[in-house]
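Residues per chain, in single letters:
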Amino acid sequence: MRFLSVTYPKVTASVTTTKNRTVNVQTAPVALSTMSSNNSVTHTTRSLVTYTLNTTPACVYKGVQYAPGQKFYDGCQYICKCIDPKAGQYSCSERCAKLTILPSSCILISDPRDPACCTVPFCPPNPVTTEAPNNNPQPGTTTAPDTTSNVQTSTKTNFQTTDLHSSPFALLAKQTTIGSRGKEFLVLFTPAYFDDLVTKSVYITSDNGAEMNISTSQRLDPNLKSQIDRTDNISTVEHIIFPIAFELKSFKKELKSAIIKTSKDVFVISHDDGIDTVGSTTHIPLHKLSTKYTVVSITNKADEKSQMAIASIQDGTVITITFHMEHNMPLLIEGKTYHEGDMFTLNLDHFETYLIEHTSDLTGTAIESSHPIAVFSGNDCAELDSYGACDHLVEQLPPITSVDTTYIVPPNSDNRDTLIRITAIDDSNFTYTIDRVSKMVELKRLDSFGIEIDSRQTCLVESDRSIFVTRFGLHSKTSEMGDPSMTIVPGIHQYLDYYKIVVPPGYNHNYVSIMMKQFSTKFLRINGNVLNVKDMFFEENVVVGQETYTVRSINLIEGEISVYSTQGDRFGLMFAGVTDYEAYGFSGNSLLP
């Protein structure tokens, strides 16, 4: 049993968590996101700050009261919004983007969106510095963050900024593919094992701002509906906190889904973060939803449950679930017992949700529907090895028509091993390669196969039929960092050329793994910059057919991140972060473009 004591000037409450830790929970304002002093990113980044005040019945900021939904400024430092006056809860983000290092070829100009307080960089057409090739490392080799072994040179590229008043990312509009970007999304929240102190966050990222509307069913409880529904203008990132009462309960038809609509394409992730537990997922736009899904979860221990949640986007949707259960353990639903291969039929209207939980692993359960639906799966709290404790797992599942055949699986950091789970959509033959050693496996429809790698290995998976590949990060073997995390791995045909996503605050170590063709790495930009080799802590080359891919893991700071190729080359991204007894993970995309 570990104890953590945190002292704040306001009232504190002692809470025992699911991992048997006693924590003092603060009720004074706390900044959830700050800028690192050694940040080398030269483009704009907004830090997100969320405050919670439980000692006053209204949104009060520096002695001034604000109405629900009202926005207000704290000088040129913050732009804030009243979220829940009954709880005294409001959120603030920095009014102006922060700049750390400005290249000598760039100047600062007034931000046309907020000229009174903010400036933005303008970089006239110039050659830009690119990274020199990395001396052709051989498959199986790794690169530590040692600057003495890396050299940078200057070369010319075709990437230029031509419009004084446009975002640099506007230049990417003609070459980007869509993937998980879209204008309409469904969000819901599955319960964690210990959920009283979980913050249910959604992050929306936009290139140049967008109008946003969040709506729920007209039949939802009016009090709950009033806390969620809203219309707003977002700049580049919006952080929304949903009430805990919006969380699903098992084996009940509920109206607990919300639809997010925006005027322009955005990325959406949810981050269900509590004390020692977190579940994160990238959301799939409504136009990419379909009618056939295969569930992915993981083996449970005695008091842990697999979960699958379904939400309808159209009235009169008929859903058929054919169960695939580990050890054929029976499942009781509404007074009826179901076994392996049994079929459960469900009817849902628009906004309605249904959550199924089982002490058996539900991986391989097949779901079909008469109209497109959204499906989420995972575990309330999964403990996967003898290290650490359990953690909440959740992923929004892509339809089986968007599943790939070839995957590169990067490792986790902090001496965390990785469990790779391969699930067959149909009878499949696949080969997996680790350290240049390949093995072939035959897998029957809806069955799964597990592989484990350490924190210095990658795994290549190649199949003759479409398969799901899911990465589960484990607890560190040498520290308190992490606990289980779940991420759907993007296949190489699901890679995109542009991503803009929020790295969540509150973690000791955030990082992104990038899988990219070796010859394209020199065109990669992170927040407008070439890769700083000091931030890279892992590198390995993987041969796929006639192509060589480079896998790199790179340290990140929290906040906005834009990653793109100046030449339109596609690449895969997998984000992760760890702190004591907690880890998150999500991919940049899990859909065929």
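What you see is a predicted model, and the numbers here were worked out from it, not measured in a lab.

The helix and strand inventory of the protein stands at one helix and 45 strands. In the protein, buried positions account for 59% of the 593 residues. A separation threshold of at least 6 residues defines the contact pool for the protein, and within that pool the share at least 24 residues apart is 75%. Roughly 23000 Å² of accessible area belongs to the protein as shown, and the carbon and sulfur atoms make up 50% of that amount.

What follows is about the sheet that holds strand E40 (residues 524-526). Sheet strands pair via backbone hydrogen bonds, and the direction of the pair is either parallel or antiparallel. What the three strands build is an open sheet, ordered E38-E43-E40; its pairing is antiparallel. Strands at the two margins of the open sheet, each flanked by one partner only, are strand E38 (498-503) and E40. Within this sheet the neighbouring strands show an average axis-to-axis angle of 15 degrees, counted without direction. Summarising the sheet, E40 and strand E43 (residues 559-565) pair through three bridges and their orientation is antiparallel. Each residue of the ladder has a partner; that of leucine 524, found in E43, is serine 565.

What follows covers the sheet that holds strand E31 (residues 416-424). Strands sit in the order E34-E31-E36-E37 across an open sheet of four strands; the sheet is antiparallel. Of all the strands in the sheet, just strand E34 (448-453) and strand E37 (485-488) have a single pairing partner and so form its edges. The mean inter-strand angle of the sheet, taken between neighbouring strand axes irrespective of direction, is 20 degrees. For E31 and E34, the ladder comprises six bridges, and the chain directions are antiparallel. By the bridge assignment for E34, leucine 419 is matched with glutamate 452.

Tracing the backbone through its elements, the reader meets lysine 500 in strand E38. Using a relative accessible area of 3% as the deciding quantity, one classes lysine 500 as buried. Among the polar contacts listed, one links the side chain of lysine 500 to the backbone oxygen of serine 206, at a separation of 2.8 Å. Excluding anything up to four places from it in sequence, lysine 500 contacts Thr205, Ser206, Asp207, Thr236, Phe267, Glu560, Ile561 and Ser562.

Below, the discussion takes up the packing of aromatic side chains. Within the structure shown, the criterion is met by 16 aromatic pairs. Relative to phenylalanine 586, the ring of tyrosine 584 lies with its centre 5.9 Å away and its plane at 20 degrees, an arrangement referred to as stacked. Judged by its relative accessible area of 1%, tyrosine 584 is buried. A residue is classified by how much of its surface remains accessible, and phenylalanine 586, at 0% relative accessible area, is buried. An aromatic cluster is present here, built from Phe323, Tyr338, Phe344 and Tyr354 joined pairwise through their rings.

Moving on: the pairing of strand E23 (residues 317-322). Side-chain alternation along E23 places Thr317, Ile319 and Ile321 on a buried face and Val318, Thr320 and Thr322 on a face that remains uncovered. Strand direction decides the pairing type here: E23 and strand E26 (residues 343-348), joined by six bridges, are antiparallel. Across the sheet, the residue bridging to valine 318 is asparagine 347, located in E26. Note: E23 against strand E28 (residues 366-382), four bridges, orientation antiparallel. Counterpart to isoleucine 319 in the pairing with E28 is serine 369.

We now examine the state of the cysteines. If you walk through the whole model with that rule in mind, you get three disulfides. Each sulfur of the disulfide joining cysteine 59 and cysteine 82 lies 2.1 Å from the other. Taking the sign of the S-S torsion, 75 degrees for the link of cysteine 59 and cysteine 82, the bridge is right-handed. Residue cysteine 59 is located in strand E5 (residues 59-61), and its partner cysteine 82 is located in strand E8 (residues 78-84); the two are separated by 23 residues in the primary sequence. In this pair, the class of cysteine 59 matches that of cysteine 82, namely buried. A sulfur-sulfur separation of 1.9 Å characterises the disulfide bridge that pairs cysteine 76 with cysteine 117.

On to the pairing of strand E32 (residues 428-434). Among the seven residues of E32, six are classified as buried, and the element is accordingly described as predominantly covered. The sheet contact formed by E32 and strand E33 (residues 437-443) spans seven bridges and is antiparallel. Each residue of the ladder has a partner; that of isoleucine 434, found in E33, is valine 437. Hairpin geometry of E32 and E33 is characterised by an intervening segment of two residues between the two adjacent antiparallel strands and by a positive phi of about 55 degrees at aspartate 435. Taken together, the four bridges between E32 and strand E35 (residues 459-463) define a ladder with antiparallel strand orientation.

Rules used throughout
Residues numbered from 1 in each chain as written. Predicted model: local features only at pLDDT ≥ 70, side-chain atom pairs only at ≥ 80, totals over all residues. Heavy atoms only, no water. Helix = DSSP H or I, 4+ residues; strand = E, 2+ residues; numbered from the N terminus. Buried < 20%, exposed > 50% of the residue type's maximum accessible area, 1.4 Å probe, protein only. Contact = heavy atoms within 4.5 Å. Areas by Shrake-Rupley, 256 points an atom, 1.4 Å probe, with all protein chains shown as cover. Pairing = 2+ DSSP bridges. Axes fitted to C-alpha atoms, helices over the stretch in contact; angles between N-to-C directions. Polar contact = N/O pair within 3.5 Å; in protein donor to acceptor, adjacent residues only side chain to side chain. Phe/Tyr/Trp six-rings, centres within 6.5 Å; stacked < 30°, edge-to-face > 60°. Disulfide = S-S within 2.5 Å.

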